[in-house]
Amino acid sequence: MGDILWRIASAVGATWGVLIVLLLAPSLLPEQWHHSIYSPASVGLWFLAMFIAPLVACAVKWEWIKKGSTRA
């Protein structure tokens with residue numbers, strides 16, 4: 001049971017890490033683009049993705065979460 005929880009936490013943590021990098025990446029673009037990229041709608045969608053994407057990641061990686069590594 002502990003391994004399953006660790007794998008779920010790993011999948012959620014990796015997903016959140018990718019989403020945070022995607023949120024911060026546009027900050028390298030010119031200043032005049034920031035108001036379009038960081039609009040309330042895009043930040044709201046990003047916030048929604050923080051809840052939905054880990055569920056999708058766990059569904060996609062369910063076999064790995066259940067059984068672990070398949071290496072012999």
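Residues numbered from 1 in each chain as written. Predicted model: local features only at pLDDT ≥ 70, side-chain atom pairs only at ≥ 80, totals over all residues. Heavy atoms only, no water.

Asks: Help me out: how do you make sense of the overall build of the protein chain in this one?
Replies: What the protein chain contains, in helices and strands, is four helices and zero strands. At 16 Å, the protein chain has a C-alpha radius of gyration far larger than the 11 Å of a compact globule built from 72 residues. The dimensions of the protein chain, computed from C-alpha atoms along their principal axes, are 55 × 20 × 15 Å. Out of the 72 residues belonging to the protein chain, those deemed buried represent 19%. Considering only intrachain contacts with a sequence separation of at least 6, the fraction spanning at least 24 residues in the protein chain is 68%. Carbon together with sulfur atoms contributes 75% to the accessible area of the protein chain, which is approximately 5,600 Å² in total. (Helix = DSSP H or I, 4+ residues; strand = E, 2+ residues; numbered from the N terminus. Rg over C-alpha atoms; globule rule 2.2 N^0.38 Å. Buried < 20%, exposed > 50% of the residue type's maximum accessible area, 1.4 Å probe, protein only. Contact = heavy atoms within 4.5 Å. Areas by Shrake-Rupley, 256 points an atom, 1.4 Å probe, with all protein chains shown as cover.)

Asks: What's the story with the side chain of Arg-7 in this structure? I'm lost.
Replies: With respect to the secondary-structure elements, Arg-7 resides in helix 1 (residues 2-24). An unpaired buried charge is present at Arg-7: no salt bridge exists, and Asp-3, the closest side chain of opposite charge, is 4.1 Å distant. Among the polar contacts listed, one links the side chain of Arg-7 to the backbone oxygen of Ile-65, at a separation of 3.1 Å. (Lys, Arg positive; Asp, Glu negative; His and termini not counted. Salt bridge = Lys/Arg side-chain N within 4 Å of Asp/Glu carboxyl O. Polar contact = N/O pair within 3.5 Å; in protein donor to acceptor, adjacent residues only side chain to side chain.)

Everything listed here is a matter of coordinates, which is why it stays silent on function.
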